Amino acid sequence: MKIAIVEDDINMRKSLEIALGDYDDFEVKTFRNAKEALKKLDESYDLVISDITMPGMNGIEFVEELNGRYDVIIITGNATLGRAIESIRLGVSDFLTKPFEVETLVEAIRRSQKVQARVKKRVKKDVPTNNSMFYGTSEALEKTLNLAYKAAKSDASILLLGESGVGKELFAKTIHNNSPRKDKPFVAINMAAIPENLIESELFGFEKGAFTDAFEAKMGKFEAANGGTLFLDEIAEMPFHLQAKLLRALQEKVIYRLGSTKGVSVDVRIVAATNADIKTKMQNQEFREDLYYRIATIPIHIPPLRERKDEIIPIAQKCLEDIVEKYDFNPKAFSEEAKEKMIEYHWPGNIRELIAVVERAAILSDGDTISENDLFLDARI
Ligand SMILES: Nc1ncnc2c1ncn2[C@@H]1O[C@H](COP(=O)(O)OP(=O)(O)OP(=O)(O)O)[C@@H](O)[C@H]1O
Ligand SMILES: [Mg+2]
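Starting from 1, residues in each chain are numbered consecutively following that chain's sequence as written. For naming, the first written chain is A and the first written ligand is 1, with later ones following in the order written. Thresholds applied to this predicted model are a pLDDT of at least 70 for local features of residues and 80 or more for the giving and counting of side-chain atom pairs; totals over whole chains, interfaces and linings are not thresholded and use all residues. Side-chain figures throughout are based on the complete set of non-hydrogen atoms in the structure, without hydrogens or water.

Under an unreviewed UniProt entry, the name given to the protein is Two-component system, NtrC family, response regulator, and the organism recorded is Hydrogenimonas thermophila.

Here it is, written out as structure tokens:
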């Protein structure tokens, strides 16, 4: 197993290199920072172990850049809940807090190895994932869904508020699918995922020659969503100078492609989402109040999973069935202790975290029962 260790602290780096060097089946390469690692990482690597706090590019940005190409274990000296949640969102497989025993790290490496071996051996079946389906129900979810269905029928702008992984995107699609616009496009744009200088052209499009690389004209998301729904994800991350332009487009229902003075009429329904404290951003003058009121005609708070406990087991069981089918495993079930553990846990990464934990447990468990130890919830923050 070829392992890349990315760690700026020389002592930590050397001691990990020496400790892991004792294992014959590990080939360890170390890097002082993320930039250096990015230059050298290729297909021969099986696993990346990275620190978070590093000069230059930090560990979270680094993992984002890796974009799921490697299994990643995070080791960090100052674990915060926010970082743990961010790591879950990025699909990191383990998150260890320094100081840790070498054995703990080796166990995490072995888990990664086992997951990779089992997943590789199996021919993954192309099982359609129920993207637009809610796997469980609870009083809190029903209340929220009812509000969403009602709001869907109108053409009012909806702002979805909720923690990471609660299902904001799922709600946005549900709203679209239950609206009179359901046969028209649903187009999503994530403000946090696009480089700041590209957001404007992504939203509004551009004409040929509008800037150096504009070799031909391109339609923006507004035009692509015409007649349908435009989902503005992570809206609080929108650069301040673009907020006025967005507001104008929403008010006038006309957009201008970059490099053009000719307006194009657009008819879109706006659904926006944020997990940030947008009210604080408004107080700090980082988010325009007029834009807020324009997009938040109907605000919908999606409760976190810990307030929807009745959904935990149904979601876990449905996910388990999906995974068993996907990898052609023999049927598996959760032990009673495992169920209790899942119900008790606080799920900072919400449904996304639950799905990831179940998938890993299903792959790692040897028999037909998934025990509480297979869930590895104790090690979490
Ligand atoms: N009730 C549910 N039943 C089954 N799957 C769900 C449910 N809610 C969410 N999911 C799934 O959980 C994952 C996370 O949901 P989604 O992407 O909608 O969350 P989000 O709130 O947009 O998260 P983020 O803030 O991190 O962008 C997705 O794979 C989604 O399909
Ligand atoms: Mg989302």
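That was the structure; now back to the text.
A. Focus on the overall build of the protein. We count a stretch as a helix when DSSP gives it H or I for four or more residues in a row; a strand needs E for two or more, and each element gets its number in order from the N terminus. Along the protein, the regular secondary structure elements total 16 helices and 16 strands. Just to be clear, the radius of gyration here is over C-alpha atoms, and the globule rule we use is 2.2 Å times residues to the power 0.38. Computed over its C-alpha atoms, the radius of gyration of the protein comes to 23 Å, within 12% of the 21 Å expected for a compact globule of 381 residues. When its C-alpha atoms are laid out on the principal axes, the protein stretches across 65 × 50 × 40 Å. For each residue, the accessible area found with a 1.4 Å probe, counting protein chains only, is set against the maximum for its type, and the residue is called buried under 20%, exposed over 50%, and partly exposed in between. Taking all 381 residues of the protein together, 48% fall into the buried category. Of the contacts made within the protein by residues no fewer than 6 positions apart, 74% connect residues no fewer than 24 positions apart. As displayed, the protein offers around 19000 Å² of accessible surface, 49% of which is attributable to carbon and sulfur atoms. Under this rule, positive means Lys or Arg and negative means Asp or Glu; His and the chain ends count for nothing. Note that the charge is assigned to NZ on lysines, CZ on arginines, CG on aspartates and CD on glutamates. Positive and negative charge centroids in the protein, built from 53 and 63 side chains respectively, lie 5 Å apart. The contact criterion used is simple: two residues touch if any of their non-hydrogen atoms lie within 4.5 Å. What sets the accessible areas is the Shrake-Rupley method with a 1.4 Å probe; for residues, cover comes only from the shown protein chains.

B. How the structure looks around the sheet that holds strand S1 (residues 2-6). Taking strand neighbours across the sheet as the criterion, the five strands line up as S2-S1-S3-S4-S5 in an open arrangement whose pairing is parallel. Two strands in the sheet have a free side with no partner beyond their single neighbour: strand S2 (27-31) and strand S5 (94-97). Direction aside, neighbouring strands of the sheet carry axes that sit 20 degrees apart on average. Judged from the five bridges that link them, S1 and S2 form a sheet pairing that is parallel. Paired with Ile3 across the bridge in S2 is Val28. Every axis corresponds to a line fitted to the C-alpha atoms, with the helix fit spanning only the stretch in contact, and the corresponding angles, defined between N-to-C directions, vary from 0 to 180 degrees. Each of S1, strand S3 (47-51) and strand S4 (71-76) is contacted by helix H3 (residues 59-66), which is oriented at about 155 degrees to S3, the strand it contacts most. Two strands qualify as a pair provided DSSP detects at least 2 bridges between them.

C. Up close: the UniProt feature "domain: Response regulatory" (unreviewed entry) in the protein. Those places that UniProt annotates as "domain: Response regulatory" (unreviewed entry) correspond, in this numbering, to residues 2-113. The straight-line gap between the two end C-alpha atoms of residues 2-113 is 10 Å; of that span, 43% is helix and 22% is strand. UniProt positions are given in the numbering used here, feature names are shortened, and annotations may be inferred rather than shown by experiment.

D. Here's a closer look at the UniProt feature "modified residue: 4-aspartylphosphate" (unreviewed entry) in the protein. In the UniProt entry, the feature "modified residue: 4-aspartylphosphate" (unreviewed entry) is given for Asp51. Within the secondary structure, Asp51 sits in strand S3. For Asp51, a relative accessible area of 4% puts it in the buried group. Excluding anything up to four places from it in sequence, Asp51 contacts Val6, Glu7, Asp8, Gly59, Ile75, Thr76 and Lys98.

E. Quick look at the domain arrangement of the protein. Domain ranges listed in this record stem from an automatic or a database domain assignment. Domain parsing of the protein yields domain 1 (1-121), domain 2 (126-132 + 308-381) and domain 3 (139-305). Between the C-alpha centres of domain 1 and domain 3 the distance comes to 35 Å.

F. Inspection of the packing of aromatic side chains at higher detail. For Phe, Tyr and Trp, where Trp contributes only its six-membered ring, two rings pair if their centres lie within 6.5 Å, and the inter-plane angle classes them as stacked under 30 degrees, edge-to-face over 60, or tilted in between. In this structure the tally under the stated criterion is nine aromatic pairs. For the pair Phe204 and Phe222, a centre-to-centre distance of 5.6 Å together with 10 degrees between the ring planes defines the contact as stacked. Taken as a pair, Phe204 in helix H8 (residues 196-204) and Phe222 in helix H9 (residues 221-224) lie far apart in primary sequence, 18 residues in all. Phe222 shares its class with Phe204; the two are buried. Only Lys NZ and Arg CZ are tested; either one counts as a charge over a ring when it is within 6 Å of the ring centre and within 35 degrees of the ring normal. Here Lys2 stacks its cationic end above the ring of Tyr45, 4.4 Å away from the centre of that ring.

G. Highlighting helix H14 (residues 336-344). Those residues of H14 lying buried are Ala338, Lys339, Lys341 and Met342. Along the axis of H14, the buried residues cluster in a sector spanning 160 degrees; they form a single face. Its buried side turned inward, H14 meets helix H13 (312-327), strand S15 (333-334), helix H15 (350-364), strand S16 (369-370) and helix H16 (372-375). The arc in question is traced by the directions running from the helix axis to the C-beta atoms.

H. Representation of unusual backbone geometry in the model. Omega for the bond connecting Lys98 with Pro99 falls within 30 degrees of zero, at -5 degrees, which places this linkage in the cis form. Tracing the backbone through its elements, the reader meets Pro99 in the loop between S5 and helix H5 (102-121). Here Asp328, not a glycine, exhibits a phi torsion of approximately 60 degrees, which is positive. Mapped onto the fold, Asp328 is located in the loop between H13 and S15.

I. Geometry of the site of ligand 1. If a single non-hydrogen atom of a residue is within 4 Å of a molecule or strand, that residue counts as near it. Among the 19 residues in the neighbourhood of ligand 1, the closest are listed as Tyr135, Ser164, Gly165, Lys168 and Arg352. Between N or O atoms, a polar contact is any pair within 3.5 Å; within protein, one atom must be a potential hydrogen donor and the other a potential acceptor, and residues adjacent in sequence are included only when both atoms are from side chains. Taking Val166, its main chain carries an N or O atom lying 3.4 Å from an oxygen atom of ligand 1. Between Arg352 and ligand 1, the recorded distance is 2.8 Å, taken from a side-chain N or O atom to an oxygen atom. Considering ligand 1 on its own, with 640 Å² of exposed area, one finds that the protein chains cover 87% of that surface.

J. Seen up close, the pattern of salt bridges. Criterion for a salt bridge: a side-chain nitrogen of Lys or Arg within 4 Å of a carboxyl oxygen of Asp or Glu. Under the counting rule described, the total for this entry stands at 27 salt bridges. Its salt-bridge partner being Lys339, residue Glu336 comes within 3.6 Å of it at the nearest N-O pair. Here Glu336 and its partner Lys339 are both found in helix H14, three residues apart, which amounts to about one turn of the helix. Given the relative accessible area of 49%, Glu336 is considered partly exposed. If you follow the salt bridges from partner to partner, you end up with Glu7, Asp51 and Lys98 in one network.

K. Structural detail: the packing of H8 against helix H10 (residues 240-252). For the pair H8 and H10, interaxial distance at closest approach is 11 Å and the crossing angle is 10 degrees. Considered as vectors, H8 and H10 are oriented roughly parallel to each other. Along the contact surface, H8 presents Glu196, Ile199, Glu200 and Phe204, while H10 presents His241, Leu242, Lys245, Leu246 and Ala249. Each residue gets one label: Ala, Val, Leu, Ile, Met, Phe, Trp, Tyr, Cys and Pro are nonpolar, Asp, Glu, Lys and Arg are charged, and the others, such as Gly, are polar. Partitioning the contact of H8 with H10 into residue classes produces five nonpolar, one polar and three charged. Our angle categories are set so that under 35 degrees counts as roughly parallel, over 145 as roughly antiparallel, 65 to 115 as roughly perpendicular, and the remainder as oblique.

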